[in-house]
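# Commentary on secondary and tertiary structure
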Amino acid sequence: MRVRATIAGLSVITMAAAVGIGVAIASPAQATSTDVVINEVYGGGGNTGAPFSRDFVELVNNSGAAVDVSGWSIQYASAAGGSWQVTKLTGSIPAHGLYLVAEAAGNTASQPLPTPDVDGSISMSATAGKVALVTSQTALACGNTCHAAAGVRDYVGYGSAANDSETAPTGTLSNSTSASRTDGADTDDNSADFTVGDPSPANGSSGPVEPPVSAKIHDVQGAAHRSPLTGKRVKDVTGVVTAVSTNGFWMQDPQPDNNPATSEGIFVFTGGAPKVARGNALSVEGKVTEYRPGNDDNNLTTTEIASPKITVTAESAAVPAPTLIGPGGLRAPQAVRADNPNDVESSATFDPKKNALDFYESLEGMLLRVHDATAAGPTNSYGELPVLPGGYGKPRSARGGVLYSYADPNTERLFLTDTLAKIPAVNVGDKLVGDVVGPLDYSFGNFMMAPLATPTVKSGNLQRETTRRTLPGELSVATFNVENLSPVNDQAKFDNLAKVVVDNLRAPDLLAIEEIQDNNGPGKGGVAADQTWARFIAAIKAAGGPAYDYRQIDPVNNTDGGQPDGNIRQGFLFRTDRGLRFVDRPGGDSTTPVTVTGRAGAPHLSASPGRIAPADAAWTASRKPLAGEFTYYGRTLFAIANHFNSKGGDQPLLGRFQPPARPSETQRHAQATLVKGFVDQLQAKDRNAAVVVLGDLNDFQFSRTADILTAGGGLVDLPRTLPVDQRYSYDYEGNSEILDHILVSRGLTRPGALLDYDIVHVNSEFHDQVSDHDPQVVRIRPVLWR
């Protein structure tokens, strides 16, 4: 609990107040110090979870002249003890300067302290104890009244168990928290003067300590992505609490300035559960910090006030009205950053009317409202939901999502997160009825609103699609990423994937399957996947499907990317009851490249199955393409199953660096070049060779990767042939997009040969997806291949 006192009818809360009142508390016998005082106390150094390796005591000189501390000492006693240990001080502390006393180190390696001004060896308690600044170097012998003893210049009892302090002890500390003097002032009340928060040791080289400055929230936020007051202590920051989290709260100034570029809301970080309530009017003093989520430089920072000292000025005040986002209210510009600097945070440009990042920054920490929002993506496993405020967004997919392009990253998307209330399980196109209200935050490359209450959902009744049956004389070819399938998964995943194959895809003749893991799954040795394939095939049979056979090649351990020791690979599932046959030709292994052989007009593979250029640097830590030769009633079909380099490492769409870099593309371009070259070799021997290139290319239909594969007209990318609103197989953070492709050779595109192509939406739009990718299928009429 915190000490609460009533002053002139107002409640005063100090976040550094003690958890309890110690024994034998007496009023201080001396006047408050005007020069050197204890500024910070930390006893958790080197313990489990400690941010620093040593205990420390930090001093500050509040006067305008240097103070010589030679002959002085820092002394420590346990919370209830009377035996004092001594660290002797030397030198002087400059005007408004700091002085760091390092004490004992713990057993756990962690961050070292800044170079101390003096070294000691006292082992201090992490939770409660007593520290005295004494003008001599003789150990104290004063029991539980040492705060008033002669020669004691300053005194801190920390933790509720401390039996001596100035007025009342500080809050109880931990391995990860210290007691820090809020603004350097000394009122001879440890509970009022100190804040429990993150340790922040500084030494005499840190320069003079600046006094706190008066500021309003909009002054702290500023018209920029980083506060102009970063690193400074501010005081008299007033506002009303709009929402309370587990480690802090949001507050907003009900009296905004006239500048729409400056936010009137802010998050106050307390480290633990704050003892404030929504509707409390506050005055806050603390340090302005910029928090970067995940310590990832690609993320923008959020401006916060840390190590706060909080005064409640009214228990119940009117909470500022939330700002409407979407139709009828404010709308984000389409451009992320119109001026395109590299580092948004260092740019001199800040224009919320033109730049979406600036628009959301100008609302950071404020209470927002969206009305009748539509889900642009499903609720994910982290309890996050991308929505279109007011249902506004374009271009839309045929089933309610919003389509991504380089030109339009859909900045109108806003994430809802479960920080304050549960987010319901939602599918694309579902509507959140009425108003959803919450403060705006930022995390993991996206702006996120934390609803104060669980939204009400009106289902859009989105149904999983089922493709048509394959008729006699038709050959159906499909691709399906089964998302890290291995025997480690429960039977339900195998069964649900099997139902998709049998019921939704209508049991195609040939499937390229991506992300089959080895028999042990991730984290264990071995590369064989025969048990994974067998279990999947058995599940398909149990679901009423045909008896599939398979072909694949085991990779070299940990060379194909994916989860460590999972050894994902792609392979072929094929049924043999409808005329399709696999041409087995020995020689294919994980390291031997497959080549094109045969005479003109009749190309063949040197090995079937075989891997395309597996030693080429283009496939470093990435899946190697698997080529297979098939026959269908005497006609030859070449299939190449792919899983190109992932987009991991690319910068986020709404991140710090603009335009975002996409370094993963370089490897995919090289991979596409190799696959295209292999197809060219087949077509050089037979320009009408029947070739299907398919799988998870991890790139868009409008990408250079797709352009490389289709250059010269030898391959046709089937996603490009669909109506625009149907071009998606994946939903990433509320953006509907193509990652999976089927490309067919020009011989298969003759009139009547290519019957239809269907992306079967069964996964990407649903919160209960069995894989994160939608499968797709093409049907061709082999009699017209040539």
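Remember, predicted model here, so these are calculated numbers, not experimental data. (Residues numbered from 1 in each chain as written. Predicted model: local features only at pLDDT ≥ 70, side-chain atom pairs only at ≥ 80, totals over all residues. Heavy atoms only, no water.)

Secondary structure summary: the chain contains 7 helices and 44 strands in total. Viewed in the frame of its principal axes, the chain has a C-alpha envelope of about 105 × 55 × 45 Å. In the chain, which comprises 786 residues, the share counted as buried stands at 57%. Contacts spanning at least 24 positions in sequence make up 69% of the contacts within the chain whose residues lie at least 6 apart. For the chain, the exposed area adds up to about 28700 Å²; of that, 51% sits on carbon and sulfur atoms. Here the chain holds 64 positive side-chain charges and 83 negative ones, and the gap between their average locations is 10 Å. (Helix = DSSP H or I, 4+ residues; strand = E, 2+ residues; numbered from the N terminus. Buried < 20%, exposed > 50% of the residue type's maximum accessible area, 1.4 Å probe, protein only. Contact = heavy atoms within 4.5 Å. Areas by Shrake-Rupley, 256 points an atom, 1.4 Å probe, with all protein chains shown as cover. Lys, Arg positive; Asp, Glu negative; His and termini not counted. Charge placed at Lys NZ, Arg CZ, Asp CG, Glu CD.)

This part covers the sheet that holds strand 29 (residues 510-516). In space, the 6 strands of this open sheet follow the order 30-31-29-28-44-43, with mixed pairing throughout. Sheet topology places strand 30 (548-551) and strand 43 (754-759) at the edges, where each strand pairs with a single neighbour. Pairs of neighbouring strands in the sheet enclose a mean axial angle of 20°, with direction left out of account. Pairing between strand 29 and strand 31 (residues 569-575): 5 bridges, direction antiparallel. Looking at the pairing, Leu510 lines up with Phe574 of strand 31. (Pairing = 2+ DSSP bridges. Axes fitted to C-alpha atoms, helices over the stretch in contact; angles between N-to-C directions.)

With the rule as written, the count across this model stands at 1 disulfide. At a sulfur-sulfur separation of 1.8 Å, the disulfide partner of Cys142 is Cys146. Taking the sign of the S-S torsion, 115° for the link of Cys142 and Cys146, the bridge is right-handed. Cys146 sits in the buried class, given a relative accessible area of 0%. (Disulfide = S-S within 2.5 Å.)

A few words on empty space enclosed by the protein. Rolled over the atoms, a probe as big as a water molecule pinpoints where empty space is left. This structure, assessed with the given rule, holds 1 cavity of 30 Å³ or more. A volume near 30 Å³ is recorded for the largest cavity. What lines the largest cavity is Gln552, Ile553, Arg569, Gln570, Arg611, Lys624 and Leu626. Class assignment of the residues belonging to the lining of the largest cavity gives a composition of 2 nonpolar, 2 polar and 3 charged. (1 Å grid on protein atoms, 1.4 Å probe; cavity = no way out; pocket = protein on both sides within 12 Å on 5 of 7 lines; lining within 4 Å. Points joined across faces, edges and corners; volume = space filled by probe spheres on them. Nonpolar A, V, L, I, M, F, W, Y, C, P; charged D, E, K, R; others polar.)

Okay, helix 6 (residues 664-685) next. Taking 1.5 Å of rise per residue, the 22 residues of helix 6 would be expected to cover 32 Å, and the 33 Å separating its terminal C-alpha atoms lies within 8% of that figure. Along helix 6, the residues that are buried comprise Ser664, Glu665, Arg668, His669, Gln671, Ala672, Val675, Lys676, Phe678, Val679, Leu682 and Gln683. (Expected span 1.5 Å × (residues − 1).)

The buried fraction of strand 9 (residues 98-105) is high, at 7 of 8 residues. As paired elements, strand 4 (residues 54-61) and strand 9 share 6 bridges and run antiparallel to each other. Each bridged residue has a counterpart across the sheet, and for Arg54 the counterpart in strand 9 is Ala105. The pairing of strand 9 with strand 10 (residues 118-119) spans 2 bridges and is parallel. Bridging across to strand 10, Ala102 finds its partner in Asp119.

Moving on: the side chain of Asp164. Following the sequence through the fold, Asp164 ends up in the loop between strand 12 (152-158) and strand 13 (178-181). Buried within the structure, Asp164 lacks any salt-bridge partner; its nearest side chain of opposite charge belongs to Lys130, at an N-O separation of 5.8 Å. A distance of 2.9 Å separates a polar atom in the side chain of Asp164 from a polar atom in the side chain of Tyr155. (Salt bridge = Lys/Arg side-chain N within 4 Å of Asp/Glu carboxyl O. Polar contact = N/O pair within 3.5 Å; in protein donor to acceptor, adjacent residues only side chain to side chain.)

We now examine the pattern of salt bridges. According to the stated counting rule, one finds 33 salt bridges in the structure shown. Note that Asp560 is salt-bridged to Lys624, the shortest N-O span being 2.7 Å. Remark: Lys624 occurs in the loop between strand 35 (610-611) and strand 36 (626-632) and Asp560 occurs in the loop between strand 30 and strand 31; sequence separation between them is 64 residues. Linking Lys676 and Asp680 is a salt bridge whose minimum nitrogen-to-oxygen distance equals 2.9 Å. In this pair, Lys676 and Asp680 both sit in helix 6, 4 residues apart, roughly one turn of the helix. What makes Lys676 buried here is its relative accessible area of 13%. According to the relative accessible area criterion, Asp680 is partly exposed, its value standing at 32%. When salt bridges with common partners are traced through the structure, they connect Arg226, Arg292, Asp297, Asp343, Glu345 and Arg656 into a single cluster.

Turning our attention to the side chain of Asp193. Among the structural elements, Asp193 can be located in helix 1 (residues 190-193). Classification of Asp193 as buried rests on a relative accessible area of 4%. There is a polar contact of 3.4 Å between the side chain of Asp193 and the backbone nitrogen of Asp188.

Next up on the list: the packing of aromatic side chains. For the coordinates displayed, the defined rule picks out 19 aromatic pairs. Between Phe700 and Phe702 the ring centres are 5.1 Å apart and the planes differ by 25°, which places this aromatic pair in the stacked class. In this structure Phe700 comes out as buried when scored by relative accessible area, which is 5%. Aromatic ring contacts, followed pair by pair, group Phe359, Tyr360, Tyr442 and Phe447 into a single cluster. Above the face of the Tyr392 ring, Arg331 is positioned so that its terminal group lies 4.1 Å from the ring centre. It is Lys647 that lies over the ring of Phe700; its NZ or CZ is 4.1 Å from the centre. (Phe/Tyr/Trp six-rings, centres within 6.5 Å; stacked < 30°, edge-to-face > 60°. Lys NZ or Arg CZ within 6 Å of the ring centre and 35° of its normal.)

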